[in-house]
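Notes for the structure review
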Amino acid sequence: MNTKEALVELSKLLGSFIIHPQFLVEMSGLLKKELKGKEASFFTTLTTQLNNLNNFGPMIYTVDSHEQLKGADGHYYSIHLQKNQFNVRFIVHISAMSEISLLCAFYERSGKSSTDYSRYTSVMVQRFNELKGDDMND
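None of the values given here were measured: they were computed from a predicted structure. (Residues numbered from 1 in each chain as written. Predicted model: local features only at pLDDT ≥ 70, side-chain atom pairs only at ≥ 80, totals over all residues. Heavy atoms only, no water.)

1. What to know about the overall build of the protein
The secondary structure content of the protein amounts to four helices and five strands. Along its sequence from the N terminus, the protein presents helices and strands in the succession α-β-α-α-β-β-β-β-α. Buried positions account for 41% of the 138 residues belonging to the protein. Sequence-distant contacts, at least 24 apart, represent 49% of the contacts inside the protein between residues at least 6 apart. Of the accessible surface of the protein, which amounts to about 7,900 Å², a share of 51% is contributed by carbon and sulfur atoms. (Helix = DSSP H or I, 4+ residues; strand = E, 2+ residues; numbered from the N terminus. Buried < 20%, exposed > 50% of the residue type's maximum accessible area, 1.4 Å probe, protein only. Contact = heavy atoms within 4.5 Å. Areas by Shrake-Rupley, 256 points an atom, 1.4 Å probe, with all protein chains shown as cover.)

Pasting the structure below:
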């Protein structure tokens with residue numbers, strides 16, 4: 001698969017998700033920094049996991065090392081994209097109607113509590129509310 005074909009495939013995959021604008025900013029930062037030079041391997045893993053999200057929906061926590069986040073409302077999940085060269089997590093929301101929202105993307109460093117998903121628990125709710133159009137300041 002050449003670059004153009006890969007981008008077309010990625011565009012199709014991402015078209016089935018609701019994406020918070022900050023998620024794209026975070027992904028861009030990861031690609032420029034932590035994932036630089038590892039794009040091909042990351043793209044393969046990303047494609048697999050986006051397909052898994054579409055295929056498994058709210059049962060995504062049953063495959064790979066994904067997790068349903070405890071202490072949330074049962075609709076938030078941590079999606080793990082890991083290979084020898086990288087360790088990326090996505091925080092997603094899957095609604096009762098199986099609509100998937102990509103909310104947060106970050107690089108997780110082993111043993112570093114400052115880079116695990118616990119610091120994103122308040123951010124994920126805020127971003128999901130923004131996607132729904134809820135203004136928490138009214």
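2. What to know about helix α2 (residues 21–32)
Taking 1.5 Å per residue as the helical rise, α2 with its 12 residues ought to reach 16 Å, and the 17 Å between its terminal C-alpha atoms agrees with that figure. Taken as a whole, α2 has its buried residues at Phe23, Glu26, Met27 and Leu30. With its buried residues spanning 100 degrees around the axis, α2 presents them on a single face. Facing away from the buried surface of α2 by more than 90 degrees, the exposed residues are Pro21 and Lys32. Packing partners of the buried residues in α2 comprise β1 (18–19), α3 (39–56), β4 (86–94), β5 (100–107) and α4 (121–132). (Expected span 1.5 Å × (residues − 1). Arc of directions from axis to C-beta.)

3. Description of the sheet that holds β1
Read from one edge of the open sheet, five strands run β1-β5-β4-β3-β2, paired in mixed fashion. Looking along the sheet, the strands with just one partner apiece sit at the ends: β1 and β2 (67–68). By the bridge criterion, two bridges tie β1 to β5 in an arrangement that is parallel. Each residue of the ladder has a partner; that of Ile18, found in β5, is Ser101. Against the sheet, α2 engages β1, β4 and β5, with an angle of about 35 degrees to β5. (Pairing = 2+ DSSP bridges. Axes fitted to C-alpha atoms, helices over the stretch in contact; angles between N-to-C directions.)

4. Describing α4
With 12 residues, α4 should cover 16 Å at 1.5 Å per step; its first-to-last C-alpha distance of 17 Å lies within 8% of that length. Against the buried residues of α4 lie α2, β3 (76–83), β4 and β5. The positive-phi residue at the C-terminal boundary of α4 is Gly133, with phi of around 90 degrees.

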